[in-house]
Amino acid sequence: MKRALIAAGMLLFSSFAFSSDGAAWDYTGDAGPDNWAKLSPEYSSCAGSNQSPINLTGFIDAKLKPIVFNYKASSSEILNNGHTVQVNATPGSTITVDDIEFELKQFHFHVPSENQIHGKSYPMEGHLVHADKNGNLAVVAVMVTEGEANKALAKAWAQMPKKGEKVALSSDISPLEILPAKRDYYRFNGSLTTPPCSEGVRWLVMKQPISASKEQIDQFLHVIHHHNNRPVQAVNARPVLE
Ligand SMILES: [Zn+2]
């Protein structure tokens, strides 16, 4: 599997895609979040002071510039790495933040949400993971409420992979379909929410949620088997901007 990932140019993201490169970790038990930093020296950042997710509150008005979304519909692949279900993006979808272009690499989901807003948890959260040409990461997070079915998820989950499977998608999916209509956002500095918990990640959390049907959320849980949200981490000295 690893060789296939390298061939696909996804080496940088092997930690997102498949955890088989590092020590096994989980969301419960001895290999659960409280112990991630102790599982491997490579996971030491999991005990860092700028970790994600967080409870977003105490906002500072920073007059944030709009994120420029340049997303294209394309067909790619969907995989289940045992920790999440992830759609890999084909090259060419970008966002611009801080006058820097970040390319969309993949998006995946957590049930329930990882981040909270004013202490509120959501039934699901989507993470759109981007990287700039230097490998710096920017994650656009979208909260998901239970309601109308989501179009992109309907297409993706028509081909829902079982644990360890990767499937070529037969229909085009636009990442725009998992963004809300209004793109106002909160911003903070954080980390990957899974080992190795690397810090220095720009987190851009959409204020407006999208919706997915109960069936779509249940379908995800059915193949992941259990919740896959890391608990909220200490905010420490970090400002949360809006
Ligand atoms: Zn995530």
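Use the structure listed above.
Residues numbered from 1 in each chain as written. Predicted model: local features only at pLDDT ≥ 70, side-chain atom pairs only at ≥ 80, totals over all residues. Heavy atoms only, no water.

1. Side note on the coordination of the zinc ion
Stage number 1. Every protein donor of the zinc ion is listed here as His108 (NE2), His110 (NE2) and His127 (ND1), and their distances to the metal cover 2.0 to 2.1 Å.
Stage number 2. In primary sequence terms, the donor set of the zinc ion follows H-x1-H-x16-H. Residue histidine 110 is located in strand 6 (residues 100–110), and its partner histidine 127 is located in strand 8 (residues 124–131); the two are separated by 17 residues in the primary sequence. For the pair shown, histidine 110 and histidine 127 are each scored as buried. (Donors = N, O, S within 2.8 Å, 3.2 Å for Na, K, Ca; no water. Helix = DSSP H or I, 4+ residues; strand = E, 2+ residues; numbered from the N terminus. Buried < 20%, exposed > 50% of the residue type's maximum accessible area, 1.4 Å probe, protein only.)

2. Topic: the packing of aromatic side chains
Stage number 1. The final tally for this structure, using the stated rule, is nine aromatic pairs.
Stage number 2. Ring plane angle 80° and centroid distance 5.4 Å describe the contact between tryptophan 25 and tyrosine 27, whose orientation is recorded as edge-to-face. Both residues of the pair, tryptophan 25 and tyrosine 27, belong to the buried class.
Stage number 3. We note lysine 120 situated over the ring of tyrosine 122; from NZ or CZ to the ring centre the distance is 4.7 Å. (Phe/Tyr/Trp six-rings, centres within 6.5 Å; stacked < 30°, edge-to-face > 60°. Lys NZ or Arg CZ within 6 Å of the ring centre and 35° of its normal.)

3. A few points about the nonpolar core
Grouped burial of nonpolar side chains is what soluble globular proteins tend to show.
Stage number 1. In terms of nonpolar packing, the biggest core is built from 37 residues, with Ile95, Met124, Leu128, Val140 and Trp157 touching the most fellow members.
Stage number 2. The residues contacting isoleucine 95, other than those within four sequence positions of it, are Ile67, Val68, Phe69, Tyr71, Ile100, Glu101, Phe102, His130, Ala138, Val140 and Leu204. (Core = buried A, V, L, I, M, F, W, Y, C linked by side-chain atoms within 4.5 Å. Contact = heavy atoms within 4.5 Å.)

4. Observations concerning the pairing of strand 4 (residues 85–88)
Stage number 1. Alternating residues of strand 4 divide into Val85 and Val87 and Gln86 and Asn88, and every residue in both groups is buried.
Stage number 2. Pairing between strand 3 (residues 77–80) and strand 4: four bridges, direction antiparallel. Following the sheet pairing, isoleucine 78 is matched in strand 4 by valine 87.
Stage number 3. What sits between the antiparallel neighbours strand 3 and strand 4 is a turn of four residues, in which glycine 82 has the positive phi angle 90°. (Pairing = 2+ DSSP bridges.)

5. A word on the pattern of salt bridges
Stage number 1. Tallied over the full model, the rule gives nine salt bridges.
Stage number 2. When the shortest N-O distance is used, the salt bridge between lysine 63 and aspartate 61 registers 3.3 Å. Across the pair, aspartate 61 and lysine 63 agree in class, each one exposed.
Stage number 3. With a closest N to O distance of 3.8 Å, glutamate 77 and lysine 166 form a salt bridge. With glutamate 77 in strand 3 and lysine 166 in strand 10 (residues 166–168), this pair connects stretches of sequence that are 89 residues apart. (Salt bridge = Lys/Arg side-chain N within 4 Å of Asp/Glu carboxyl O.)

6. Concerning helix 5 (residues 214–224)
Stage number 1. Looking only at helix 5, the buried set comprises Gln216, Ile217, Phe220, Val223 and Ile224. The arc that holds the buried residues of helix 5, viewed along the axis, is 135°, so those residues lie on one side. Those residues of helix 5 that are exposed and aimed more than 90 degrees away from the buried face are Glu215 and His222. (Arc of directions from axis to C-beta.)

7. Considering the side chain of arginine 238
Stage number 1. Relative to the elements of secondary structure, arginine 238 occurs in the segment after helix 5.
Stage number 2. For the buried residue arginine 238, which engages in no salt bridge, the nearest side chain bearing the opposite charge is glutamate 199, 6.5 Å off.
Stage number 3. Apart from the residues lying within four places of it in its own chain, the contact partners of arginine 238 are Ser49, Asn50, Gln51, Ile54, Phe188, Asn189 and Gly190. (Lys, Arg positive; Asp, Glu negative; His and termini not counted.)

8. Notes on the environment of arginine 230
Stage number 1. Relative to the elements of secondary structure, arginine 230 occurs in the segment after helix 5.
Stage number 2. When its relative accessible area of 2% is taken as the criterion, arginine 230 is described as buried.
Stage number 3. Between the alpha carbons of arginine 230 and isoleucine 60 there is a distance of 25 Å; along the sequence they are 170 residues apart.
Stage number 4. Those residues in contact with arginine 230 that lie beyond four places of it in its chain are Tyr27, Pro33, Trp36, Cys46, Gln51, Ser52, Pro53, Glu114, Ser191, Leu192, Thr193 and Cys197.
Stage number 5. Among the polar contacts made by the side chain of arginine 230, one reaches the main-chain carbonyl oxygen of cysteine 46 at a distance of 3.0 Å.
Stage number 6. At a separation of 2.8 Å, a polar atom in the side chain of arginine 230 contacts the main-chain carbonyl oxygen of serine 52. (Polar contact = N/O pair within 3.5 Å; in protein donor to acceptor, adjacent residues only side chain to side chain.)

9. Description of unusual backbone geometry
Stage number 1. Geometrically, the link from serine 52 to proline 53 is a cis peptide bond, its omega value of 0° lying close to zero.
Stage number 2. Among the secondary structure elements, proline 53 is positioned in the loop between helix 3 (36–39) and strand 1 (55–56).
Stage number 3. Here the amide bond leading from valine 111 into proline 112 is cis, since omega sits at -10°, within 30 degrees of zero.
Stage number 4. With respect to the helices and strands, proline 112 occurs in the loop between strand 6 and strand 7 (116–117).
Stage number 5. Of note in this structure, aspartate 99 is not a glycine but carries a positive phi near 60°.
Stage number 6. When you line up the elements, aspartate 99 lands in the loop between strand 5 (94–97) and strand 6.
Stage number 7. Residue classification places aspartate 99 among the exposed positions, given a relative accessible area of 67%.
Stage number 8. Of note, the phi angle at histidine 118 is positive, near 50°, even though the residue is not glycine.
Stage number 9. With respect to the secondary-structure elements, histidine 118 resides in the loop between strand 7 and strand 8.

The values reported here are purely geometric and, on their own, carry no functional implication.
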